[in-house]
Amino acid sequence: MARPLLRGDRLLAARKAAGMTPEDLALALDLSGPRRIRVWEAGLEHPRPRFVPRLAAVLGVGPFHLLDVDPDDPPLAALRVAAGLATNEVSAPGLSVMTYVRLEDGRPGADPPARVITAIAQVFGVDVARVEAAIRRSRSDHAALTSSSG
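Residues numbered from 1 in each chain as written. Predicted model: local features only at pLDDT ≥ 70, side-chain atom pairs only at ≥ 80, totals over all residues. Heavy atoms only, no water.

### Brief notes about the overall build of the protein chain
Alright, step 1. A tally of helices and strands in the protein chain yields nine helices and zero strands.
Alright, step 2. Along its sequence from the N terminus, the protein chain presents helices and strands in the succession α-α-α-α-α-α-α-α-α.
Alright, step 3. Principal-axis analysis of the C-alpha atoms gives the protein chain an extent of 50 × 35 × 25 Å.
Alright, step 4. For the protein chain, the residues scored as buried account for 41% of the 150 residues in total.
Alright, step 5. Contacts in the protein chain between residues far apart in sequence, at least 24 positions, make up 62% of those at least 6 positions apart.
Alright, step 6. Working note: accessible area of the protein chain is about 7,800 Å², and carbon and sulfur atoms make up 53% of it.
Alright, step 7. One way to put it: in the protein chain the 19 positive side-chain charges average out to a point 4 Å from where the 17 negative ones average out. (Helix = DSSP H or I, 4+ residues; strand = E, 2+ residues; numbered from the N terminus. Buried < 20%, exposed > 50% of the residue type's maximum accessible area, 1.4 Å probe, protein only. Contact = heavy atoms within 4.5 Å. Areas by Shrake-Rupley, 256 points an atom, 1.4 Å probe, with all protein chains shown as cover. Lys, Arg positive; Asp, Glu negative; His and termini not counted. Charge placed at Lys NZ, Arg CZ, Asp CG, Glu CD.)

### Some details on the environment of S147
Alright, step 1. When you line up the elements, S147 lands in helix α9 (residues 128-149).
Alright, step 2. Accessibility expressed as a relative area gives 57% for S147, which makes it exposed.
Alright, step 3. With 56 residues separating them in the primary sequence, S147 and S91 have C-alpha atoms 30 Å apart.
Alright, step 4. A polar atom in the side chain of S147 sits 3.2 Å from the backbone oxygen of A144. (Polar contact = N/O pair within 3.5 Å; in protein donor to acceptor, adjacent residues only side chain to side chain.)

### Quick look at empty space enclosed by the protein
Alright, step 1. Counted according to the given criterion, the structure contains one cavity of 30 Å³ or more.
Alright, step 2. Forming the boundary of the largest cavity are R3, P4, L5, L6, H46, P47, V52, L67 and V81. (1 Å grid on protein atoms, 1.4 Å probe; cavity = no way out; pocket = protein on both sides within 12 Å on 5 of 7 lines; lining within 4 Å. Points joined across faces, edges and corners; volume = space filled by probe spheres on them.)

### Some thoughts on the environment of P34
Alright, step 1. Inspection of the secondary structure assignment puts P34 in the loop between α2 (22-28) and α3 (35-42).
Alright, step 2. In the structure, P34 is positioned 82 residues away from V116 in sequence and 40 Å away in space, judged by C-alpha atoms.
Alright, step 3. Setting aside residues no more than four positions away along its own chain, P34 makes contact with P22, E23 and A26.

### Examining the pattern of salt bridges
Alright, step 1. For the coordinates displayed, the defined rule picks out eight salt bridges.
Alright, step 2. The partner of R7 in a salt bridge is D9, and the shortest N-O contact between them spans 2.5 Å.
Alright, step 3. Residue classification places D9 among the partly exposed positions, given a relative accessible area of 42%.
Alright, step 4. Residues E23 and R38 are paired through a salt bridge, measuring 2.8 Å at the closest nitrogen-oxygen approach. Note that E23 is positioned in helix α2 and R38 in helix α3, a separation of 15 residues in sequence.
Alright, step 5. What you see here is one network of salt bridges that share partners, running through D73, R137 and D141. (Salt bridge = Lys/Arg side-chain N within 4 Å of Asp/Glu carboxyl O.)

### Overview of the packing of helix α1 (residues 8-17) against α3
Alright, step 1. α3 packs onto α1 with a crossing angle of 125 degrees between their chain directions and a minimal axis gap of 6 Å. Accordingly, the angle class assigned to the pair α1 and α3 is oblique. Between α1 and α3, the residues in contact are G8, D9, L11, L12 and R15 and I37, W40 and E41, respectively.
Alright, step 2. For the contact of α1 with α3, the residue count by class is four nonpolar, one polar and three charged. (Axes fitted to C-alpha atoms, helices over the stretch in contact; angles between N-to-C directions. Parallel < 35°, antiparallel > 145°, perpendicular 65-115°, else oblique. Nonpolar A, V, L, I, M, F, W, Y, C, P; charged D, E, K, R; others polar.)

### Digging into the packing of aromatic side chains
Alright, step 1. In total, this model carries two aromatic pairs according to the counting rule given.
Alright, step 2. Seen from their ring centres, Y100 and F124 are 5.8 Å apart, and the 90 degrees between their planes marks the pair as edge-to-face. One end of the pair, Y100, is in helix α7 (residues 97-105); the other, F124, is in helix α8 (residues 114-124), and 24 residues separate them in sequence. An identical accessibility class is assigned to Y100 and F124; each is buried. (Phe/Tyr/Trp six-rings, centres within 6.5 Å; stacked < 30°, edge-to-face > 60°.)

Here's what the structure looks like:
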């Protein structure tokens, strides 16, 4: 599944609502200049996941507000991006990166064991119910994508 992307229009609106210039935001994020901010706002590039929670915190919005997902029903990938993590950074005791990737992709299969869901919740800093719902959404998105392409 595709990674949830930052919406440039929402970033621009949040920056303006916060009364910040691209220069101000770049400075707050320790970037070398405002070019990257402008490129993100134009939708020409998307920031690495590590920038999403930092952008949200500086602008006083939630990370989901900046992403192209339903904040009330995000897929697992959106929880990861909102936590500022790349896929290869999602691991914990009892949770391999490959197990996580299969879940994020929404591949059908048996429900993951409670220990795996708990580990993901701890890595992302969210509750178990949020992870369970995100796995269901990821599987639903995967099923919709595969049925429409076949």
